[in-house]
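# Residue-level structural notes
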Amino acid sequence: MIPFSQTWLPFIYLYGVGGLFFIIGMIIINKSKSIDLTRKRHRYWNKVLYFGFVYFAVMHLVMILAALYL
Amino acid sequence: MESYHNIGTSLDWIIIVIYFIAVTGFGTYFSKYNRSTNDFFFGGRRFAWWLIAFSIVATGVSSHSFVKYSAKGFENGISSTMTYMNDWFFVPLFFFGWLPIVIYSKIRSIPEYFERRFSKTARAYATVFLLAYIIGYIGIGFLTLGKALIPLLPESFTLFGFDIKVTLTFIVIVTAIFTGSYITVGGQTAVIFTDLVQGFILLFAGVLLFVLGLSYLGGFDTFWHLLPPSWRSPFADFNSPPSFNFVGIFWQDGVDGSVAFLFMNMGLLMRFMATKSVDEGRKAATFNIFFMLPLSALVVGSAGWLGKAISELNPNLISPNIKPDQVFIVVANLIAKPGVFGFIIAALLSALMSTVSTFVNATAAIYIYDIHQPLREYFNKKKGIKDEKPKNDLGAARYASIMMTILGALTVIPFAQFPTVYEAHGFFHSTLTPPLVVAIFFGVLWKKFTPAAVVSSLIGGVALMILGARFPGDLIAPLAHGTAMDPSHPFIYIGALYNTLACALIGVIVTWLHNPLKNYVSKLKQNENVKSIIIAFDIIVVLLFISIIFVPLPLAILLVIDVILFLLVAVSSTYYVKYDEIKQTDGLTIWSVARAKELFKGSKPNEVEGDKVKVSWEVIPGTDDFMYFSQSDMEKMAANEGDLVYITDARKFLGGLKSIHSVFGKPHFEDGKVYINQEHLASAQFVDGKILIAEKEM
């Protein structure tokens with residue numbers, strides 16, 4: 001069995017601490033109005049940014065499950 | 001450790017040589033698009049996102065090369081993918097902060113940003129750090145090239161009666177001459193196009209190797225179950241062993257590495273600056289991070305995973321004690337037939353060459369824009385020469401490329417002391433990137449961050465980093481998340497966290513002390529000996545810095561010395577630098593990106609969305625940078641006179657190679673026609689009779 005310290009602990013740390021950096025980044029680009037959500041193109045990029053975070057988290061999730069149970 | 005030589009057949013060598021001749025010829029062909037240093041370094045800001053996205057693959061993959069990830073894949077398994085899948089966290093700040101600032105502020109190098117945002121002194125320090133960073137990258141590239149070639153070559157050979165030993169140094173010298181020659185001739189357009197082709201070939205070769213490996217082992221299921229369980233996890237253990245652990249690599253690569261790659265990697269930034277617009281740059285980066293990086297992780301690491309599985313199956317085929325940096329070559333030779341092996345090796349070697357050439361191009365750009373041109377202006381000023389017409393520095397750019405190639409080759413010497421390329425690169429990253437990462441990050445995000453703070457954080461931060469290296473058990477261990485200290489190479493990865501915090505702490509303290517520092521310097525200026533006092537401060541700073549490096553004092557005293565050092569640097573910087581916060585943050589921080597766009601255009605941007613129009617073209621006399629469209633076409637594009645236009649050959653597969661930016665001139669009434677001048681034609685190289693597509697940029 002692969003230990004917790006090589007599966008879920010790194011996952012939680014990566015998306016916890018990394019997620020903090022990500023959210024701070026999102027808050028800053030919104031507060032500074034460098035992303036302007038009244039513009040269609042910027043709304044698209046806003047969605048892409050959140051999707052990217054979830055995309056990598058899901059990919060890692062699947063890889064951990066494969067390592068543990070496949 | 002078991003070392004291999006003479007791997008491969010004559011057929012493999014023939015394929016490798018043909019491949020290299022083809023790539024060099026391809027690069028040389030595109031040198032015709034270099035009409036100025038702007039074209040040489042940035043490719044003229046003209047390319048489509050997909051072309052840049054694929055050209056980044058070859059650069060990105062080879063800088064995190066087959067050799068080092070195969071080594072880690074063999075030693076640790078799927079967790080070799082970690083560094084390719086942790087780059088998204090800083091993308092929001094890159095997309096909507098740094099990327100538009102870099103493009104709209106029209107800076108040609110990162111040090112130039114430091115001068116405009118802070119001061120000339122900050123630019124000088126940034127130049128030194130950045131050159132060291134990129135030259136180090138070139139060195140890592142050469143080291144990897146050398147290590148990849150050693151197993152292919154004999155231990156020695158005879159030439160004209162001389163017995164020549166094939167050493168790492170010998171290989172590095174030969175590859176440096178070869179790489180230097182094609183970048184020196186070709187420039188950025190050559191690099192982009194050769195990288196584009198190599199990006200495809202590289203991915204194909206890597207996937208081919210993985211498929212051949214699975215077939216060799218009898219399918220994915222066999223491969224997967226041959227891997228020991230812990231080799232299957234996408235993560236390394238949280239904090240052990242010291243040579244490869246999750247938390248260290250998160251801070252070294254996921255944080256500092258990602259920020260460095262996106263924010264201060266001139267090679268990569270120059271690619272984004274070569275896209276036709278900010279939006280195209282975002283698309284290129286997204287495609288690269290979403291699809292190319294995970295695919296690259298598989299491509300570069302899979303030889304190591306296959307090697308481990310084969311070694312578990314039959315240790316006589318691949319020894320468990322093999323030198324890790326030779327795993328890729330040995331596995332490729334085992335599972336690929338002669339000829340196919342040659343193709344895979346050619347793809348690997350040329351990809352490494354891509355990385356090296358990209359960074360040589362980047363360092364040459366920094367040399368031209370941050371050393372050569374400022375020095376020429378300085379000497380012209382001294383000689384009293386005014387209004388000299390700007391020179392085309394293409395010749396100097398080419399000499400700079402040669403010089404940077406030589407310097408890069410020399411840095412192989414210290415990197416070769418590490419057990420693997422991966423560890424050498426990890427140490428290099430965690431040591432050199434934090435000062436500039438902090439400086440750029442605070443500069444872009446924090447309007448209050450001052451020139452005194454940036455210079456103090458660079459000098460004082462480096463001093464604290466040196467103390468960290470001298471006293472790792474006292475300073476780095478408390479932040480090491482339980483990682484054990486390896487005395488021969490202490491805290492290779494997690495050292496990045498300490499180094500970043502050290503630089504950031506000093507930056508924050510000096511920014512907070514801005515008003516007291518200003519008051520103190522004002523009082524100092526009333527003293528008639530103020531110049532002598534400041535010079536004395538500067539001399540003390542040098543002495544304190546030397547003492548931090550060499551003098552065997554207790555840590556507490558050295559820390560006090562560091563505090564005195566950075567405070568004196570802050571006083572000295574506040575004295576020398578005339579800083580206008582409003583002017584020097586205008587369009588240069590994330591808080592004024594809209595203003596940056598306005599400054600770029602020279603008037604208020606026209607954000608109304610318009611259509612693209614197809615036009616034929618005709619050359620008219622004139623030298624002004626205007627293009628003349630019909631009234632109706634301009635209405636379709638929602639464009640007004642004075643707006644910016646991008647016009648390109650309608651054939652999409654060219655990816656913007658034949659294109660140019662200009663300004664809408666006074667409209668005429670011939671629909672479907674654009675009038676351009678000879679200079680536009682020379683730059684865009686439009687082809688007679690070929691239709692163009694025009695769109696309003698802003």
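For the structure, see preceding data.
The notes below deal with the structure included here. (Residues numbered from 1 in each chain as written. Chains lettered and ligands numbered in written order. Predicted model: local features only at pLDDT ≥ 70, side-chain atom pairs only at ≥ 80, totals over all residues.)

## With respect to the overall build of chain B
Looking only at helices and strands, chain B features 27 helices and eight strands. For chain B, whose C-alpha radius of gyration is 27 Å, the value lies close to the compact-globule estimate of 26 Å for 698 residues. If you line up chain B on its principal axes, its C-alpha atoms span 75 × 75 × 55 Å. A total of 698 residues make up chain B; the buried ones form 57% of that total. (Helix = DSSP H or I, 4+ residues; strand = E, 2+ residues; numbered from the N terminus. Rg over C-alpha atoms; globule rule 2.2 N^0.38 Å. Buried ≥ 20, exposed ≤ 12 C-beta atoms within 10 Å, placed from the backbone.)

## What to know about the overall build of chain A
For chain A, the helix and strand inventory stands at two helices and zero strands. For chain A, the C-alpha atoms occupy an extent of roughly 50 × 20 × 10 Å along the three principal directions. Every one of the 70 residues in chain A was classed for burial, and the buried ones make up 26%.

## Description of the environment of B:Leu524
Residue and element names in this part refer to chain B. As for its placement among the helices and strands, Leu524 is situated in helix 21 (residues 514-525). What makes Leu524 partly exposed here is the crowd of 16 C-beta atoms within 10 Å. Along the primary structure Leu524 and Gly610 are separated by 86 residues, whereas in three dimensions their C-alpha atoms are 58 Å apart. Setting aside anything within four residues of it in sequence, one finds Leu524 in contact with Val530, Ile533 and Tyr575. (Contact = placed C-beta atoms within 7 Å.)

## What to know about the packing of helix 2 (residues 40-69) of chain A against helix 12 (residues 278-313) of chain B
Closest axis-to-axis distance for the helix 2 of chain A/helix 12 of chain B pair is 12 Å, and the angle between their directions is 15°. As the angle between them shows, helix 2 of chain A and helix 12 of chain B are arranged roughly parallel. Relative to helix 12 of chain B, the crossing made by helix 2 of chain A is left-handed. Contacts between helix 2 of chain A and helix 12 of chain B involve A:Arg41, A:Trp45, A:Val48, A:Gly52, A:Tyr55 and A:Met59 from the first element and B:Asp279, B:Arg282, B:Thr286, B:Phe290 and B:Pro294 from the second. Grouping the amino acids of the contact of helix 2 of chain A with helix 12 of chain B by side-chain chemistry returns six nonpolar, two polar and three charged. (Axes fitted to C-alpha atoms, helices over the stretch in contact; angles between N-to-C directions. Parallel < 35°, antiparallel > 145°, perpendicular 65-115°, else oblique. Left-handed = near helix turned anticlockwise from the far one by under 90°. Nonpolar A, V, L, I, M, F, W, Y, C, P; charged D, E, K, R; others polar.)

## What to know about unusual backbone geometry
All names here are of chain B. Residues Ser240 and Pro241 are joined by a peptide bond in cis, for which omega reads 0°. Structurally, the position occupied by Pro241 is in the loop between helix 9 (220-226) and helix 10 (246-264). Despite not being glycine, Lys106 shows a phi value in the positive range, around 60°. Counting through the fold element by element, Lys106 comes out in the loop between helix 5 (91-104) and helix 6 (110-117).

## Some details on the pairing of strand 5 (residues 644-649) of chain B
Residue and element names in this part refer to chain B. Burial analysis of strand 5 places six of its six residues in the buried class, the great majority of the element. Two strands pair when backbone bridges link them, and strand 5 and strand 8 (residues 692-696) are joined in this way by five bridges, in the antiparallel orientation. Looking across to strand 8, one finds that Tyr646 is bridged to Glu695. (Pairing = 2+ DSSP bridges.)

## Topic: helix 17 (residues 421-445) of chain B
For helix 17 of chain B, which comprises 25 residues, the first-to-last C-alpha distance of 34 Å matches the rise-based estimate of 36 Å (1.5 Å per residue) to within 8%. Most of helix 17 of chain B is tucked away: 24 of the 25 residues are buried. (Expected span 1.5 Å × (residues − 1).)

## Overview of the nonpolar core
Residue and element names in this part refer to chain B. Ranked by internal contacts, the top residues of the largest apolar core, which has 210 residues, are Leu130, Ile134, Ala332 and Ile344. By residue number, the principal contributor to this core is helix 14 (residues 340-383), which donates 21 residues. The contacts of Ile344, once residues within four sequence positions are left out, are Ala205, Leu209, Ala332 and Ala336. (Core = buried A, V, L, I, M, F, W, Y, C linked by C-beta atoms within 7 Å.)

## Comments concerning the pairing of strand 7 (residues 673-676) of chain B
Residue and element names in this part refer to chain B. Here strand 7 shows one buried face, formed by Val674 and Ile676, and one open face, formed by Lys673 and Tyr675. Bridging between strand 3 (residues 613-619) and strand 7 involves four bridges; their strand directions are parallel. Bridged to Val619 within strand 7 is Ile676.

Bear in mind that shape data such as this cannot, by itself, settle questions of function.
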